[in-house]
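# What the coordinates show
Each chain, letter by letter, is given below.
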Amino acid sequence: MNKRAPFFAVFLISYLLFSCQNLPKEKHHITIVTTTGHIADMVRNIVGNKAKVYALMGPGVDPHLYKASLSDLKLMSDADIIFYNGLHLEGKMSEIFQKLKRTKKVVAVSEGIPKHLLLMADSSHGIPDPHIWFDVSMWRYCLKESEKTLVKEYPEHAFFFKSNAAAYDKELRLLDEQAMRDIESIPAKQRVLVTAHDAFGYFGKRYHMEVIGLQGISTLSEYGLSEITSLTKTLVVRNIQAIFVETSISEKAINSVIEGCKRKGHKIHIGGSLYSDALGAPNMNEGTYIGMFKANVKLIKQGLNK
Ligand SMILES: [Zn+2]
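Scoring rules and cut-offs
- Counting restarts for each chain: residues are numbered from 1 in the order of the written sequence.
- The model is predicted, so local features are restricted to residues of pLDDT at least 70 and side-chain atom pairs to those at 80 or more, both for listing and for counting; the totals for chains, interfaces and linings are taken over all residues.
- The basis for every side-chain value is the complete set of non-hydrogen atoms in the structure, without hydrogens or water.
- Grouping buried Ala, Val, Leu, Ile, Met, Phe, Trp, Tyr and Cys residues that are joined through side-chain atoms within 4.5 Å yields what is termed a nonpolar core.
- Exposure classes here rest on a 1.4 Å probe applied to the protein chains alone. A residue is buried below 20% of its type maximum, exposed above 50%, and partly exposed in between.
- By definition, any uninterrupted DSSP run of H or I lasting at least four residues is a helix, any uninterrupted run of E lasting at least two residues is a strand, and each is numbered from the N terminus.
- A domain assignment, automatic or from a database, supplies the domain bounds used here.
- The criterion used for residue contact is that any of the two residues' heavy atoms lie within 4.5 Å.
- A fitted line through C-alpha atoms serves as each axis, taken over the contacting stretch for helices, and the angle formed by two N-to-C directions is quoted from 0 to 180°.
- Here the angle decides the label: under 35 degrees means roughly parallel, over 145 means roughly antiparallel, 65 to 115 means roughly perpendicular, and every other value means oblique.
- Each residue gets one label: Ala, Val, Leu, Ile, Met, Phe, Trp, Tyr, Cys and Pro are nonpolar, Asp, Glu, Lys and Arg are charged, and the others, such as Gly, are polar.
- A pair of strands is labelled paired if DSSP reports no fewer than 2 bridges between them.
- Look down the strands so they point away from you; if going from the first strand over the helix to the second traces a clockwise path, that crossover is right-handed.
- In this tally, Lys and Arg are treated as positive and Asp and Glu as negative; His is ignored, and so are the chain termini.
- By convention in these notes, a salt bridge is any Lys or Arg side-chain nitrogen within 4 Å of a carboxyl oxygen on Asp or Glu.
- The definition of a polar contact used here is a pair of N or O atoms within 3.5 Å, where within protein one atom must be able to donate a hydrogen and the other to accept one, and adjacent residues in sequence count solely through side-chain atom pairs.
- For this analysis, a ring pair means two rings from Phe, Tyr or Trp (six-membered ring only for Trp) whose centres lie within 6.5 Å, classed as stacked if their planes differ by under 30 degrees, edge-to-face if by over 60, and tilted for the remaining angles.
- Geometrically, a charge over a ring is one whose NZ (Lys) or CZ (Arg) sits within 6 Å of the ring centre while staying within 35 degrees of the ring normal.

### A look at the nonpolar core
As a rule of thumb, soluble globular proteins bury nonpolar side chains together. Core analysis: the biggest nonpolar cluster contains 69 residues, and Ile32, Ile132, Trp139, Phe203, Tyr289, Phe293 and Ile300 have the highest contact counts within it. At eight residues, the largest contribution of residues to this core is made by helix H6 (residues 158-184). For this core, the domains that each give at least three residues are domain 1 (9-113 + 120-180) and domain 2 (185-274). Aside from chain neighbours lying at most four places away, what touches Phe203 is Phe134, Ile183, Leu193, His208, Met209, Phe293, Val297 and Ile300. In terms of nonpolar packing, the next biggest core, distinct from the first, is built from 13 residues, Tyr66, Met76, Met93 and Val106 among them.

Have a look at this one:
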């Protein structure tokens with residue numbers, strides 16, 4: 001018999017024992033489901049190749065109105081962890097989350113944000129503004145919350161998750177600082193974001209921009225003459241060069257604003273569409289949170305810094 005045979009036998013047995021012990025874990029890949037693409041991107045940056053992450057809401061999807069489909073329910077019931085935004089962003093899904101919480105880990109990433117930092121969307125009803133991802137410093141709290149959950153659930157990956165989260169947090173800090181510098185390069189008087197979305201409250205507060213919303217203006221009749229006059233006046237007086245509108249806003253209403261400015265000798269242009277409640281397509285830069293944020297800041301800077 002070969003002199004080395006006993007060593008091989010010991011090695012083989014321990015190898016098999018070791019493999020058998022690990023078999024169930026290897027077989028079970030961690031599955032995480034998130035609601036928005038912003039959260040999916042953040043979680044992917046923490047877990048790397050240790051988990052599969054699925055976002056329910058793709059590009060162009062409105063989370064406020066989103067209803068879970070049957071396949072979403074299946075995905076969520078099979079998931080190990082579910083991350084959602086909270087603060088009533090996913091207004092049509094809160095009941096589902098309450099039910100799922102009985103049997104699995106369901107976490108609102110906004111839980112990580114100190115309450116006093118939240119803005120109110122409707123102060124009379126105490127309803128907070130859910131668009132927290134537009135203040136990068138607040139999104140970093142959400143990263144911390146996700147990291148905390150993942151480390152607690154999977155302590156065997158703690159080191160990996162923590163170092164990934166730290167690296168991503170650094171990227172977010174740089175993004176925050178760059179956005180601050182970019183917006184500050186716009187003359188203070190012109191730092192006004194006229195947009196069709198109601199999503200930019202946190203953005204305005206963090207990066208020192210006044211936000212004028214045009215939401216709710218879907219037809220010309222709703223867009224009263226006095227509103228047009230008052231908006232036109234603001235644009236002219238403050239020398240605002242661009243407004244950021246969507247196709248959902250009545251073209252007639254927008255045209256009358258543009259015409260109104262023109263009559264007063266002020267040229268205004270459409271700055272383009274900003275990303276609001278969803279990321280861009282996965283194959284684009286804007287398919288990531290950082291890419292989306294940079295694209296918005298670039299558009300605002302280009303539009304207003306003329
Ligand atoms: Zn929204």
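### Details of the packing of helix H2 (residues 37-47) against H6
Helix-helix packing: each pair is described by the crossing angle between the helix axes and the interaxial distance. Where H2 meets H6, the axes come as close as 7 Å, and the angle between the chain directions of the two elements is 130°. In terms of their interaxial angle, H2 and H6 are classed as oblique. The residues of H6 that touch H2, namely those facing Asp41, Met42, Asn45, Ile46 and Val47, are Phe160, Phe161, Asn164, Ala165 and Tyr168. Partitioning the contact of H2 with H6 into residue classes produces seven nonpolar, two polar and one charged.

### Concerning the pairing of strand S2 (residues 51-55)
Note: strand S1 (residues 30-34) against S2, five bridges, orientation parallel. Bridge pairing in S2 links Val33 to Tyr54. Handedness of the β-α-β unit built from S1, H2 and S2 comes out right-handed.

### Notes on the environment of Leu274
Checked against the element boundaries, Leu274 lands in the loop between strand S10 (269-270) and helix H10 (289-304). Taking relative accessible area as the criterion, Leu274 reaches 6% and is therefore assigned buried. Through-space distance from the C-alpha of Leu274 to that of Thr195 is 8.4 Å; in sequence the pair is 79 residues apart.

### Some remarks on the side chain of Asp129
Tracing the backbone through its elements, the reader meets Asp129 in the loop between strand S6 (127-128) and helix H5 (136-153). Put simply, Asp129 is tucked away with no salt bridge, and the nearest opposite charge, on Lys205, sits 10 Å away. At 2.7 Å, the side chain of Asp129 forms a polar contact with the side chain of His131.

### Looking at the packing of aromatic side chains
Applying the stated criterion across every chain yields a total of eleven aromatic pairs. Pairing Phe203 with Tyr207 gives two aromatic rings, centres 5.0 Å apart and planes at 45°, and the pair type is tilted. Of the two residues examined, Phe203 and Tyr207, each falls in the buried class. Of the aromatic side chains, those joined through ring pairs into one cluster are Trp133, Phe134, Trp139, Phe200, Phe203, Tyr207, Tyr289 and Phe293. Positioned above the aromatic ring of Phe160, the side-chain terminus of Lys50 is 4.7 Å from the ring centre.

### Quick look at H2
Within H2, nine of the eleven residues are buried, leaving the element largely enclosed by the surrounding structure. Check the buried side of H2 and you find it contacts S1, S2, strand S3 (81-84), H5, H6 and H10. Positive backbone phi, at 55°, marks Gly48, one or two positions downstream of H2.

### Here's the deal with the sheet that holds S1
Read across the sheet, four strands follow the order S2-S1-S3-S4 without closing on themselves; strand pairing throughout is parallel. The sheet is open, and its two borders are formed by S2 and strand S4 (105-108), each paired with just one other strand. Taking the axes of each pair of neighbouring strands and ignoring which way they run, one obtains an average angle of 20° across the sheet. Each of S1, S2 and S3 touches H2; the most contacted strand, S2, lies at about 170° to it.

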